[in-house]
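# Fold and contact review
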Amino acid sequence: MAGILNINLAAIEQNYSKLHRGDPSSVAAVVKANAYGLGIEPISKRLWAVGCKEFFVAEVSEGVTLRTILPAARIYVLEGFSRDQIEIVVKNDLIPVLNTPEQCRNWIEISESAVVHVDTGMERLGLSIEEFVEVSSSSRLKIEMLMSHFARADEPDHPFNQTQIVRLLDAHRLIKERFPFARISLNNSAACLAGISEFSDCETLVRGGIALYGGSPFRTSEKGDSLATVASLSARVIQIRRVKAGAGLGYGSTFSVDQNSDIAIVGLGYADGLPRSLSNKGHCTINGKRFPIRGTISMDTFHLDASHAEVSVGDVVQIFGDAPTLREVADHASTIDYEILTGLGQRLERVYFD
């Protein structure tokens, strides 16, 4: 019996409003990885309907998919392109983010405006400052936007955030005379919610990601607590087992009951995206009451100790949503909200509602 993933499109809209604060043109939506596992088509259509006209994806293939959904959107591809993808990029009117000198040289031949990624300290994608100085001197490269990526925006008070801001502004000054209207894109969900960087002398574009989907981008801050819950994952009790004291539960018998117990078997497992690391950790709710996860999580099922309340076959079990929250589940699994969402399985029934 498949689990159900309920996705509240009105909550997506609410979180988008919280990010753009009355100016939808200031925030682009990051819809990579199938909109963080929740479904790129319904989510991107809803965002477009409420004023979002710019979108970021990770790969060219994702950009092609999104182009079929939103024919008029501005679609940026974060990884840029390989040389054999240039024709696809141009045909689908995608805007590659240029990350290497080679990508810059190849894009010059296309003679289209470019977004250039400057690495300000993430040491992941993007041109080094030295590479950018060399590339920006080319009179043939038309730069419409500079972007970079915070390494520690989930720690709003960390001084490295300001270091990265200064580095990107220095790069922007190098091109400001030739491209006075070039925008900057640095703020992600965490930086936007925390107000880490405000640029007064140039137009900016926020890249809204995890906050759109109701996940907290912070490690310890409570700034993300006011986000609306977007995704709720539930399944059903498929069996109640009466087990005797001393019985071991699941693979490896990793949990032994110390008294006669009622154990609810839930029809959901790690094939559906429930982290196996939740074995013997955390809890789920049934009719508002919390029940601990016991034993090793299987591919298709897991155990709840239902000894202290009335539970029946067919009862709905909430894995995350309002209670427990997505953040609680991520914490119990020793991971982050992003991984829980993007790891959700394809056999889940996705139900969209307002």
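Keep in mind it's a predicted model, so treat the numbers as computed, not measured.

### Focus: the pairing of strand E2 (residues 27-30)
Remark: a regular strand shows side chains that alternate across the two faces of the sheet. Burial along E2 is two-sided: Val27 and Ala29 facing one way and Ala28 and Val30 facing the other are all buried. As judged from the three bridges shared by E2 and strand E9 (residues 206-208), these two strands associate in the parallel manner. Across the sheet, Val27 pairs through a bridge with Val206, a residue of E9. When E2 meets strand E3 (residues 54-57), the two strands line up parallel, connected through two bridges. Across the sheet, residue Ala29 finds its bridge partner in E3, namely Phe55.

### Regarding the side chain of Asp315
Counting through the fold element by element, Asp315 comes out in the loop between strand E16 (302-305) and strand E17 (316-320). Side-chain polar atoms of Asp315 contact the backbone nitrogen of Ser312, separated by 2.9 Å. Ignoring anything within four residues of it in the chain, the contact list for Asp315 reads Ala235, Arg236, Val237, Ile286, Asn287 and Glu310.

### Looking at the layout of surface pockets
The calculated volume of the largest pocket comes to roughly 840 Å³. Along the walls of the largest pocket sit 36 residues, with Lys32, Tyr36, Arg124, His149 and Tyr338 positioned nearest its centre. Counting residues per element, the ones that place at least two in the lining of the largest pocket are helix H2 (32-36), helix H9 (189-194), E9 and helix H11 (337-342). Tallied by class, the residues present in the lining of the largest pocket amount to 17 nonpolar, nine polar and 10 charged.

### Details of the state of the cysteines
On inspection of all chains with the given rule, the structure shows zero disulfides. Not engaged in a disulfide, the cysteine Cys202 finds its nearest cysteine sulfur in Cys192; these two sulfurs lie 15 Å apart. Judged by relative accessible area, Cys202 falls into the buried class, the value being 14%.

### Quick notes on the packing of aromatic side chains
In this structure the tally under the stated criterion is four aromatic pairs. Both rings, one in Tyr36 and one in Tyr213, keep their centres 4.7 Å apart while their planes meet at 25°; by these two values the pair is stacked. Highlighted residues: Tyr36 in helix H2 and Tyr213 in the loop between E9 and strand E10 (231-243), separated in sequence by 177 residues. Each member of the pair, Tyr36 as well as Tyr213, is classed as buried. Look at Phe81 and Trp107: their rings are 5.7 Å apart centre to centre, the planes differ by 50°, and that puts the pair in the tilted class. Note that Phe81 is positioned in the loop between strand E4 (74-77) and helix H5 (86-91) and Trp107 in helix H6 (residues 101-108), a separation of 26 residues in sequence. The residues Phe81 and Trp107 share a single accessibility class, namely buried.

### Section: the side chain of Thr120
With respect to the helices and strands, the residue Thr120 is situated in the loop between strand E6 (114-117) and helix H7 (129-136). Under the relative-accessibility criterion, Thr120 is labelled buried at 1%. Polar side-chain contacts of Thr120 include one of 2.9 Å to the side chain of Gln164. Residues within four places of Thr120 in sequence aside, it is in contact with Ser148, His149, Phe160, Gln164, Arg167 and Leu168.

### Here's the deal with helix H4 (residues 60-69)
Of the positions making up H4, those classed as buried are Val60, Glu62, Gly63, Leu66, Arg67 and Ile69. Take H4 and look down its axis: the buried residues cluster within an arc of 165°, on one side only. Lining the buried residues of H4 we find H2, helix H3 (40-49), E3, E4 and H5.

### Considering H6
Within H6, burial applies to Gln103, Cys104, Asn106, Trp107 and Ile108. Looking at the buried side of H6, the elements it contacts are H5, strand E5 (95-98), E6 and H7.

### Focus on the sheet that holds E5
Where strands meet in a sheet, backbone hydrogen bonds hold them as pairs that are either parallel or antiparallel. Strands sit in the order E8-E7-E6-E5-E4-E3-E2-E9 across an open sheet of eight strands; the sheet is parallel. Each end of this open sheet is capped by a strand with a single partner; those strands are strand E8 (183-185) and E9. This sheet shows a mean twist of 30° between the axes of neighbouring strands, independent of strand direction.

### Brief notes about the packing of H7 against helix H8 (residues 160-176)
For the pair H7 and H8, the least separation of the axes is 10 Å and the interaxial angle reads 15°. When the axes of H7 and H8 are compared, the pair comes out roughly parallel. Handedness of the H7/H8 crossing: right-handed. Contact residues: H7 offers Ile129, Phe132, Val133 and Ser136, while H8 offers Arg167, Ala171, Leu174 and Ile175. Split into classes, the residues belonging to the contact of H7 with H8 amount to six nonpolar, one polar and one charged.

### Examining the pattern of salt bridges
Counted under the stated rule, the structure contains 15 salt bridges. Between Lys45 and Glu41 there is a salt bridge, with its nearest N and O atoms 3.0 Å apart. Residue Lys45 and its partner Glu41 are located together in helix H3, separated by four residues, close to a single helical turn. Residue Glu41 is classed as partly exposed on the basis of its relative accessible area of 40%.

Analysis parameters
By convention here, each chain's residues receive numbers from 1 onward along its written sequence. With the structure being a predicted model, the display of local features is reserved for residues of pLDDT at least 70 and the display and counting of side-chain atom pairs for 80 or more, all residues being used for whole-chain, interface and lining totals. Side-chain metrics rest on all non-hydrogen atoms present in the structure, leaving aside hydrogens and water. Exposed residues in this analysis have more than 50% of their type's maximum accessible area, buried residues have under 20%, and partly exposed residues fall in between, with area computed by a 1.4 Å probe over protein chains only. Strands here are runs of E lasting at least two residues and helices are runs of H or I lasting at least four, both read from the DSSP assignment and numbered beginning at the N terminus. Two strands qualify as a pair provided DSSP detects at least 2 bridges between them. Nitrogen and oxygen atoms within 3.5 Å of one another constitute a polar contact, given that in protein one can donate a hydrogen and the other can accept it, and given that sequence-neighbouring residues count only through two side-chain atoms. Here, residues are in contact when the closest pair of their heavy atoms is within 4.5 Å. A cavity, in this analysis, means grid points on a 1 Å lattice covering only the protein atoms where a 1.4 Å probe fits yet has no way out; a pocket is instead an open set bounded by protein on both sides within 12 Å along at least five of seven lines, and a residue lines either one if it has an atom within 4 Å of a point. Grid points are joined across faces, edges and corners, and a volume is the space filled by probe spheres set on the points. Gly falls in the polar group here, along with every residue not listed as nonpolar (Ala, Val, Leu, Ile, Met, Phe, Trp, Tyr, Cys, Pro) or charged (Asp, Glu, Lys, Arg). Any two cysteine sulfur atoms within 2.5 Å of one another count as a disulfide. Between rings of Phe, Tyr and Trp, where Trp is taken as its six-membered ring, a pair exists when centres lie within 6.5 Å; planes separated by under 30 degrees are stacked, by over 60 edge-to-face, and by other angles tilted. In this description, one arc is meant: the one made by directions from the helix axis to the C-beta atoms. Axes here refer to lines fitted to C-alpha atoms; in helices the fit is confined to the stretch in contact. Angles between the N-to-C directions go from 0 to 180 degrees. Orientation labels follow simple angle bins: below 35 degrees gives roughly parallel, above 145 gives roughly antiparallel, 65 to 115 gives roughly perpendicular, and whatever is left gives oblique. Note: crossing handedness is left-handed where the near helix turns anticlockwise from the far helix by less than a right angle, and right-handed where it turns clockwise. Any carboxyl oxygen of Asp or Glu within 4 Å of a side-chain nitrogen of Lys or Arg constitutes a salt bridge here.

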